[in-house]
Amino acid sequence: MGIVTPVRNKVRASACMKISEIFYSILGESTYQGLPCAFVRVSGCNLRCSYCDTSYAQKGGKEYSVDKILSILSDYPTKLVEITGGEPLSQKGVHKLIRELIKKKYKVLVETNGSIDISKLSSKVIVIMDIKCPSSGMHDKMNWENIKKLKDEDEIKFVLQNSNDYFWAKEVIKKYRLSGRKILLSPVLDKLSPKKLSEWILKDGLNVRLHLQLHKIIGIR
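Keep in mind that this is a model prediction, so the values were computed, not measured.

What counts, and at which threshold
- Residues numbered from 1 in each chain as written.
- Predicted model: local features only at pLDDT ≥ 70, side-chain atom pairs only at ≥ 80, totals over all residues.
- Heavy atoms only, no water.
- 1 Å grid on protein atoms, 1.4 Å probe; cavity = no way out; pocket = protein on both sides within 12 Å on 5 of 7 lines; lining within 4 Å.
- Points joined across faces, edges and corners; volume = space filled by probe spheres on them.
- Helix = DSSP H or I, 4+ residues; strand = E, 2+ residues; numbered from the N terminus.
- Nonpolar A, V, L, I, M, F, W, Y, C, P; charged D, E, K, R; others polar.
- Core = buried A, V, L, I, M, F, W, Y, C linked by side-chain atoms within 4.5 Å.
- Buried < 20%, exposed > 50% of the residue type's maximum accessible area, 1.4 Å probe, protein only.
- Contact = heavy atoms within 4.5 Å.
- Pairing = 2+ DSSP bridges.
- Axes fitted to C-alpha atoms, helices over the stretch in contact; angles between N-to-C directions.
- Parallel < 35°, antiparallel > 145°, perpendicular 65-115°, else oblique.
- Left-handed = near helix turned anticlockwise from the far one by under 90°.
- Arc of directions from axis to C-beta.
- Salt bridge = Lys/Arg side-chain N within 4 Å of Asp/Glu carboxyl O.

1. A word on the layout of surface pockets
In this model, the largest pocket occupies a volume close to 770 Å³. As for the largest pocket, its lining consists of 39 residues, of which Glu-29, Arg-41, Asp-53, Thr-54 and Gly-85 are closest to the centre. For the lining of the largest pocket, the elements supplying multiple residues, two or more each, are β1 (16-26), β2 (36-42), β4 (80-84), β5 (107-112), β7 (155-160), β8 (182-187) and α6 (214-217). Element by element, the count of residues in the lining of the largest pocket is highest for β1, at three residues. A breakdown of the residues in the lining of the largest pocket according to their chemical character gives 14 nonpolar, 11 polar and 14 charged.

Encoded structure:
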């Protein structure tokens, strides 16, 4: 019996995920912004960003099998799914979920905080990597090797609270030669004016996309 129990626990852990919520809404971020999308928000995150707007997903949640997640998603009239968090890559089950979604012809977006190795992700997913700026308090947690593993179609997001974040992001773009990639600069709501950020982008001639959180503007989650 002492041998059977650990094996059973291991199987259960790999077949299930801790989920904060699953829902259907308008995609508020990324270049896919504005499209109807199904969301799988996992529970648990290894970072604690100062501006986090989904802190409720940092812990708790409910255990779902991959089959149960797929069953819920099948009720939504879309083939676009975003796996977000929390931090999706903190759970091993995410890779099985992604494989099954791809088999079912879903387009899969994975939003990750950039601190965990992305190399195990399927080449068929779109990675949206959130590079943490200094005001987040987590910028020293980034796994910079991840940048080399990004595909052309993947996206890089910087969430900015102030001018220091902006100048830091500009240096990262230069250092890692990110110009020409899909780069999103997103101001924290009520912390940095979109107008001010626009002025900085235009003054510096940055090849980036000003990125506002559409879901907050239209008042949905």
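2. Here's the deal with the nonpolar core
Ranked by internal contacts, the top residues of the largest apolar core, which has 55 residues, are Ile-83 and Phe-158. Not counting the four nearest positions on each side in its chain, Phe-158 is found in contact with Ile-131, Cys-133, Trp-168, Ala-169, Val-172, Ile-173, Leu-178, Ile-183, Leu-184, Leu-185 and Ser-186. Counting residues in each nonpolar core, the second largest holds nine residues, with Leu-27, Tyr-32, Cys-37 and Ile-126 among its members.

3. Concerning the sheet that holds strand β9 (residues 209-210)
Across the sheet, nine strands lie side by side as β3-β1-β2-β4-β5-β6-β7-β8-β9; this open sheet has mixed pairing. Of all the strands in the sheet, just β3 (62-65) and β9 have a single pairing partner and so form its edges. Sheet topology note: the β1/β2 ladder contains seven bridges and is antiparallel. Bridged to Phe-23 within β2 is Phe-39. Contacting β1, β2, β4 and β5, helix α3 (residues 93-103) crosses the sheet at an angle of about 175° to β4. Here helix α5 (residues 194-204) sits on the sheet and contacts β7, β8 and β9; the angle it forms with β8, its principal contact strand, is near 140°.

4. Focus on the packing of helix α2 (residues 66-73) against α3
For the pair α2 and α3, the least separation of the axes is 10 Å and the interaxial angle reads 45°. In this view, α2 runs oblique relative to α3, as classed from their interaxial angle. Both α2 and α3 take part in a crossing whose hand is right-handed. Along the contact surface, α2 presents Val-66, Ile-69, Leu-70 and Leu-73, while α3 presents Gly-93, Lys-96, Leu-97, Glu-100 and Leu-101. Residues belonging to the contact of α2 with α3 are distributed by class as follows: six nonpolar, one polar and two charged.

5. Structural notes on α2
Looking only at α2, the buried set comprises Val-66, Ile-69, Leu-70, Ile-72 and Leu-73. Buried positions in α2, seen along its axis, are confined to an arc of 160° and lie on one side of it.

6. Remarks on the pattern of salt bridges
Summed over the entire model, instances satisfying the criterion amount to 12 salt bridges. Between Arg-41 and Glu-21 there is a salt bridge whose closest N-O contact spans 2.9 Å. Here the residue Arg-41 occupies a position in strand β2, and Glu-21 occupies one in strand β1, the gap between them amounting to 20 residues. The exposure class of Glu-21 is buried, given its relative accessible area of 15%. Lys-103 serves as the salt-bridge partner of Glu-100, at 3.4 Å between the closest nitrogen and oxygen. Of this pair, Glu-100 and Lys-103 both sit in helix α3, three residues apart, roughly one helical turn. Judged by relative accessible area, Lys-103 falls into the exposed class, the value being 59%. Linked through salt bridges whose partners overlap, the residues forming this network are Glu-29, Glu-111, Asp-130, Lys-132 and Lys-157.

On their own, these measurements won't tell you what the molecule is for.
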